Structures are given as C-alpha cells and as structure tokens.
2 protein chains.
Amino acid sequence: MVSQPFAGVLVPVLTPFTASGEPDAGRFVAFCRWLLDEGADGLAIFGTTSEANSMSASERMALLDRLVAEGVPASRLMPGTGACSITEAASLIRHAVGHGCGGVLMLPPFYYKGMTDQGVYDFIAAVIERVASPALRMYLYHIPPQTMIPFGVELVGRLIKAYPETVVGLKDSSGDWNNTKALLDAYAGTGFGIFPGSEVFLLDGLRHGGVGCITASGNVNVPGIRRVYENWRTPQADALQAEITRVRMTIQKYPMVPALKRIVAHFHDDPAWATVRPPMERLGDAQSAALIADLEKIGYSLGERRREAAE
Amino acid sequence: MVSQPFAGVLVPVLTPFTASGEPDAGRFVAFCRWLLDEGADGLAIFGTTSEANSMSASERMALLDRLVAEGVPASRLMPGTGACSITEAASLIRHAVGHGCGGVLMLPPFYYKGMTDQGVYDFIAAVIERVASPALRMYLYHIPPQTMIPFGVELVGRLIKAYPETVVGLKDSSGDWNNTKALLDAYAGTGFGIFPGSEVFLLDGLRHGGVGCITASGNVNVPGIRRVYENWRTPQADALQAEITRVRMTIQKYPMVPALKRIVAHFHDDPAWATVRPPMERLGDAQSAALIADLEKIGYSLGERRREAAE
C-alpha cells in the first residue's frame, strides 16, 4: 500500500448559500481559508455536512474550481465524489484528481437498498477503472444511517486487496465504536487511514491506530479537536477529549447541519450563513438562541485565537 | 386542477446497457417502440426499474433526446427526473418539458433521512418554482422502501393545493394497499391521477378511483395488464387480475430488475439484455433458467400477439 496522505483534523466544510439559494463561492473560499488557518489538516469538502447531495455535480465542480483558483492547496482537499452512477462518480473524481486533490471521499451508490457486497464491490471497481488514474487516492465513506449500504469489514478488505494504491482509507460515520474498532484492528496496521466520523471517537481511534477524524463539528471547533490530536499521548488527553465531546454533544441535540450553520452565523457575525438548502430546514430563532446559550454555558467560544485574544 | 394526461398501463422502461456498460440507445428506442406497440399507454422511462439512478443526468438526457429524435411521441413519456439537488432536478425537468413530455415522475431528495414534511415540501416547491413552466405536469413518486422519505397523504394534499396545475398525480410504490387507498379516498375524486406501483393493485385501484398502474413487470406483460385495465368493470375482471398477479408474484421471487432483464433477453432472443449496471448484479444462469421455467409453468409467454400467433 502507498502511504495515505491525510492525518489529523479534517473538516467536512459547510457550504454557504446565498439568500436565493445559490452556492456562495466567496463565503465558501473565505471559510475554507479560515478553517486551514484555525489548524485544520484537511478539508473534506462536499460531505454530508456540506449538503453536497443538495448540489448538482456541476455546482460542486464549480466550487472546487474556484477554491483552487483562489490558491487553497489542492493537496489539502478531500472532496466528496459520491454519486449513485458510476459515470457521474467517475467524472467528479477525474475533475478532483485533475486539480491535484489529495484524495476523494467515496459514498456507495446510496439510492439502492439491499444490494450485495459483490454489487457494491463491482460499483467501486468500475468507478476506479473508469477513472484509471495512478494519482487517485480514495477514502471509502461508511455512513449507513444515510446510505443503508455498508462498507463492511470484509468488503473493505477486498477493495484494499484489489486496489492497494488507490483505496487508502475510510471515514467511519456509523457512530458505532465497535465497527470503527473492528476496522482499525483489521487494517490500521497496514497503513490504511481510518478516520472516525465524529471527534467523540478521536482519542479512542488514535489509541487503536486511527489517524485523526473527519468531523462535522470541526466547522466550529478545530482548535479544541486539534488539542486532542496533538496531545493524545499525554496525561491531559482524556480531559481534552471530554471537553470536545461535551461541545459535540451540545451541538448534536439540534439538527446538525442547520445548527452548525447557526453557530457560524452567530460567532462570525454573518447571518447569511444560516441558510440551508431544502430539504434541510433552517434552525428557528428560538432554537438557535437556545443552542448558543447552551454553548456559552459550557464555555465554548469560536476558535483558539479568538479565545486567546479575549483572555 | 387541470386534467392529468396519463391513464392505463405505464411502463418504467428497462434500460439496456452494452457489454462495456454504456446505455444502449439503439436497443432502448427499439424496446420503447415495442412496448407502445404492445399496448403500453405511456412510458415512465428513468424509473427505479430503469436503473435511472445508475445513470448520470447527461446520460439520461441523451437517451431522451434520442428517443424523441427517433419519433417516439413525447406526450407518451413520463421520465423520472428525481435528484437530490433542486438544481439537478430542475435541469432534468426543464429538459423533459422542453421536449414536450407528457409529465415527469419526481422522487423526493433521497440521500436525506429524517427530513420533515416541511423540508420535503420546500424542496418540491423550489424545484417547481425554478422550472417555472406552465407546461409542467409532475407526478410524485412515493417509494419509501428506496427513499425512506414518504410523500404522505397530508404532504401530497399541501402540494396539490399549492400547485394545482402542476402536481397532478402520484405513483405509489409503497406496496401497501392501505396507503394507496388512503390517497385514493383523499384525492382521486379531484382528478388527481393515482397509479399503484404494481399491477397487483391495479383492479383494486381502478375500483377506488385509480387511473391505471405504473409497473416494472409491464416490461414483460403489457397485454395481460391491459386486459385488466380494459375489462375492469366486467365479470372477468377478478380472474384476469389473478392471472397477472400470478405472473408478478412469480417474477418477484427473484431480484426484480435483473430478473426482468433476463426475461427480456430470453423471450426477445437477445442475450445482451441481461446486462445490468453495478451495484445491481446480473441474474445467474441457473436462477435465470429457474425463473423462465417458473414462468412457462404458469403459461406465461411474451406478448399478446406472439401468444395469438402461436395459437
């Protein structure tokens, strides 16, 4: 296996939309820059948190074009390239690889239900063979609550074995530590990069060979999450983990994406950020106020530097 | 409400793929013509049975272009235009309306789970407003086994009320007669066109104000299904329904789409038809032989005219 290029705190970047519902490229680029500035190791743009599937393929490609044109390093990007069709997935991947993206995050063909492992294997294999690029580094995106189609331990092993230079990692958004642990036990030792899909499992993951996390709440808490990543072998690790878990648990009492957008809107003083695309619903004003109050109650504030500046 | 333009037997047309996995436009056009010739009242191309979500938007549009270019009447077409993004759904619909298609079949944004009725309403409303065409006739596609997002009775009512000229019908693929009946009781009287998603419910549907069915097995049994549609008020209706139900039940013991493709391959003497796109799996030879034997056992043969010619 080649060495996989990502580690640390990766953020599935929220996508801002204008009042009329179009992707807001200006705010998007500025926010990506800010996240890197906060210490994000990579940007998993176009994930579930990004409302990626609420954008057409061409909208996603246009945002990536803009990001790269404005100088955000493509090597730090892991765009989501999931699609239900081999052809659309392949064209999204070709576009990302063409820009030099460090990797891509790959959903299974999520419209389908009750497919066999063989069918999902054939789908991924067909996509990889259609792209046919030695530069492709693919991360499998296991998120059964959304897709109902798992990348199970055995299927992952088959894909690694067939495409050792290409299938180099996985994001586990099952929310099930036992599943993450089974994947880590099976494949972390080979250099396969496994990222829990929530920072709640960051420390446990690192202790079992994980390489970081790719987490929605990274949009609003890179510094906190990085502290765990940087200090995971120290005596403070558990206390630091408890702190970021508390923030995450507070946020996820609310619908995740609308809540994160409200937090960004509030702490960046930019109300436009609250906009979501249907079928998501904007968080109501009362709920938003309750969320912000909950966060302030546990001492949360946005960003390390802001916190330090205020101290 | 405007009068909705479809009734009778609609077929969600299977999509043929070449050996290398590309949509086979020639076979597709020929098959569409054959279905109309067999008596299909309309062609719901790009449905679930069509592996529509295994094709990119541009592949779907190219097939529709070709179909219309070759003279298949657009008024008889109800293409599936489902997509998870408002923008892609709107561009598929604009393309279909531009060709003069009789209607479009509209999935909810199926990547998402646990969305509210308000969110789904906002999605459909945004698509309709983005298309902004008085020529659009939209049929809602209720298929919770695939989407997990229902078009429930109340939500359907809200959409009809808001867009009476546009939201003119529904395909109910819940497989739950109680749901179909609830929809029929609520809206059939207003001229809203309700199609069960299986011919198993055709007669029951017609007796409660339904207007036909849109059914996968229409790909291989238009004449049988039409006999029920044409004779539903006669004393033979129940016996005719029992006959098509028997055929359907025989087929659906197997994975539906691969099985239908094998039936077409066998009875049209065209092995190329057996090809599916991953994640679906081609039906194995032994299973296919068992399926054909099962069908022959119950006296099934392909097409009314062939049957009569053989008698």
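Residues numbered from 1 in each chain as written. Chains lettered and ligands numbered in written order. Predicted model: local features only at pLDDT ≥ 70, side-chain atom pairs only at ≥ 80, totals over all residues. Heavy atoms only, no water.

A. Main features of the overall build of chain A. Secondary structure summary: chain A contains 13 helices and seven strands in total. The C-alpha radius of gyration computed for chain A amounts to 18 Å, which stays within 12% of the reference 19 Å derived for 311 residues, consistent with globular compactness. Its C-alpha atoms put chain A at 50 × 50 × 35 Å along the principal axes. Here chain A holds 311 residues, and 63% of them are scored as buried. (Helix = DSSP H or I, 4+ residues; strand = E, 2+ residues; numbered from the N terminus. Rg over C-alpha atoms; globule rule 2.2 N^0.38 Å. Buried < 20%, exposed > 50% of the residue type's maximum accessible area, 1.4 Å probe, protein only.)

B. Here's a closer look at the nonpolar core. Judged by nonpolar contacts, the single largest core of 206 residues is most densely connected at Leu43(A), Met138(A), Ile263(A), Leu43(B), Met138(B) and Ile263(B). Sequence-distant contacts of Ile263(B), defined by excluding residues within four places in its chain, comprise Val220(B), Ile251(B), His268(B), Leu291(B), Ile292(B), Leu295(B) and Tyr300(B). (Core = buried A, V, L, I, M, F, W, Y, C linked by side-chain atoms within 4.5 Å. Contact = heavy atoms within 4.5 Å.)

C. Representation of the sheet that holds strand β3 (residues 104-106) of chain B. Residue and element names in this part refer to chain B. Pairing is parallel in the open sheet, where four strands are placed in the order β3-β4-β5-β6. Strand pairing shows two members of the sheet lacking a second neighbour, β3 and β6 (193-196), which therefore form its edges. The mean angle between the axes of side-by-side strands here comes to 25 degrees, regardless of whether they run parallel or antiparallel. One ladder, built from three bridges, connects β3 with strand β4 (residues 138-142); its direction is parallel. Considered in β4, the bridge of Met106 is made with Leu140. Its contacts with the sheet put helix α7 (residues 177-187) on β4, β5 (167-172) and β6, and the angle it makes with β6 is roughly 170 degrees. (Pairing = 2+ DSSP bridges. Axes fitted to C-alpha atoms, helices over the stretch in contact; angles between N-to-C directions.)

D. Main features of the interface of chain A and chain B. In this complex, chain A contributes 40 residues to the contact, which on the side of chain B involves 40 residues. Together chain A and chain B conceal approximately 3100 Å² of surface at their shared face, both sides included; 59% is due to carbon and sulfur atoms. Together, Tyr111(A), Tyr112(A) and Pro279(A) form the three largest contributors to the area buried by chain A at its contact with chain B, with a combined 25%. Applying the counting rule to chain A against chain B returns two salt bridges. Among the salt bridges present, the one from Glu22(A) reaches Arg130(B), with a minimum N-O distance of 3.1 Å. Taken together, the connections running from chain A to chain B amount to 18 residue pairs in polar contact (both at pLDDT 80 or more). Those elements that provide at least two residues to the side of chain A that touches chain B are α2 (57-69), α3 (86-98), α4 (117-131) and α5 (144-147) of chain A. The greatest single-element share of the side of chain A that touches chain B, amounting to six residues, is contributed by α4(A). Of the residues assigned to the side of chain A that touches chain B, the class counts are 20 nonpolar, 11 polar and nine charged. (Buried area = accessible area lost by both parts, 1.4 Å probe. Salt bridge = Lys/Arg side-chain N within 4 Å of Asp/Glu carboxyl O. Polar contact = N/O pair within 3.5 Å; in protein donor to acceptor, adjacent residues only side chain to side chain. Nonpolar A, V, L, I, M, F, W, Y, C, P; charged D, E, K, R; others polar.)

E. Quick peek at the relation of the copies chain A and chain B. Superposing chain A onto chain B requires a rotation of 180 degrees together with a translation of 0.0 Å along the rotation axis, leaving an RMSD of 0.0 Å. Such a combination of rotation and displacement between the chain copies is what one expects of a two-fold axis. Nearest to the rotation axis, the C-alpha of Tyr111(A) is located 3.5 Å from it, this being the minimum over chain A. Both copies contact each other with a shared surface, as 100% of the interface residues of chain A are interface residues in chain B too. (Least-squares fit on C-alpha atoms with pLDDT ≥ 70 in both.)

F. Seen up close, the sheet that holds strand β3 (residues 104-106) of chain A. Residues and elements named next belong to chain A. Here we have four strands laid out as an open sheet, ordered β3-β4-β5-β6, and parallel in their pairing. Each edge of the sheet is formed by a strand with only one pairing partner; in this case those strands are β3 and β6 (193-196). The sheet shows a mean angle of 25 degrees between the axes of neighbouring strands, direction not considered.

G. Region of the structure containing helix α7 (residues 177-187) of chain A. Residue and element names in this part refer to chain A. When α7 is considered as a whole, its buried residues turn out to be Trp177, Asn179, Thr180, Leu183, Leu184 and Tyr187. Across the axial projection of α7, the buried residues extend over an arc of 160 degrees, all falling on one side. The exposed set on the far side of α7, more than 90 degrees from its buried face, consists of Asn178 and Asp185. Of the surrounding secondary structure, the elements contacted by the buried residues of α7 are β4 (138-142), α6 (153-162), β5 (167-172), β6 and α8 (202-207). (Arc of directions from axis to C-beta.)

H. Up close: the packing of helix α6 (residues 153-162) of chain B against α7(B). All names here are of chain B. For the pair α6 and α7, interaxial distance at closest approach is 10 Å and the crossing angle is 35 degrees. Relative to α7, the crossing made by α6 is right-handed. Here α6 contributes Val153, Glu154, Val156, Gly157 and Ile160 to the contact with α7, which in turn contributes Ala182, Leu183, Ala186 and Tyr187. (Left-handed = near helix turned anticlockwise from the far one by under 90°.)

I. Fine view of the environment of Tyr187(A). Residues and elements named next belong to chain A. With respect to the helices and strands, the residue Tyr187 is situated in helix α7. By relative accessible area, which is 15% here, Tyr187 ends up buried. The spatial distance from the C-alpha of Tyr187 to the C-alpha of Lys253 is 33 Å, given a sequence separation of 66 residues. Aside from chain neighbours lying at most four places away, what touches Tyr187 is Val153, Glu154, Val156, Gly157, Ile160, Phe192 and Ile194.

J. Summary view of the packing of aromatic side chains. For the structure on display, the rule yields 21 aromatic pairs over all chains. Ring centres of Tyr111(A) and Tyr112(A) lie 5.5 Å apart, and the angle between their planes is 85 degrees; this geometry places the pair in the edge-to-face category. Like Tyr111(A), the residue Tyr112(A) is buried in the burial classification. Taken together through their ring pairs, the aromatic side chains of Phe110(A), Tyr111(A), Tyr112(A), Phe110(B), Tyr111(B) and Tyr112(B) make up a single cluster. The aromatic ring of Tyr121(A) is capped on one face by Arg158(A), whose charged end is 4.1 Å from the ring centroid. (Phe/Tyr/Trp six-rings, centres within 6.5 Å; stacked < 30°, edge-to-face > 60°. Lys NZ or Arg CZ within 6 Å of the ring centre and 35° of its normal.)

K. The arrangement of the pattern of salt bridges in detail. Residues and elements named next belong to chain A. Applying the stated criterion to the full structure yields 32 salt bridges over all chains. Across the pair Arg248 and Glu199 runs a salt bridge, and its minimum N-O distance is 3.4 Å. Highlighted residues: Arg248 in helix α10 (residues 237-251) and Glu199 in the loop between β6 and α8, separated in sequence by 49 residues. Using a relative accessible area of 9% as the deciding quantity, one classes Arg248 as buried. When its relative accessible area of 0% is taken as the criterion, Glu199 is described as buried. Each member of the salt-bridge network shares a partner with another, and the members are Asp24, Arg27 and Asp270.

L. Expanded view of the confidence of the model for chain A. Residue and element names in this part refer to chain A. Residues with a pLDDT of 70 or more make up 96% of chain A, whose mean pLDDT is 95. Counting interchain partners and residues more than four positions distant, the pLDDT-below-50 stretch residues 304-311 has 11 contacts. Here the complex is predicted with pTM 0.96, and the ipTM for its interfaces comes to 0.95. (pLDDT = per-residue confidence, 0-100.)

M. Geometry of the pairing of β4(A). Residue and element names in this part refer to chain A. Most of β4 is tucked away: five of the five residues are buried. Here β4 shows a buried face lined by Met138, Leu140 and His142 and a second buried face lined by Tyr139 and Tyr141. Each parallel crossover has a hand, and the one from β3 via α4 to β4 is right-handed. Sheet topology places β4 next to β5; five bridges connect them, and they run parallel. Among the inter-strand pairings, Leu140 is bridged to a residue of β5, identified as Leu170. (Right-handed = clockwise from strand over helix to strand, strands pointing away.)

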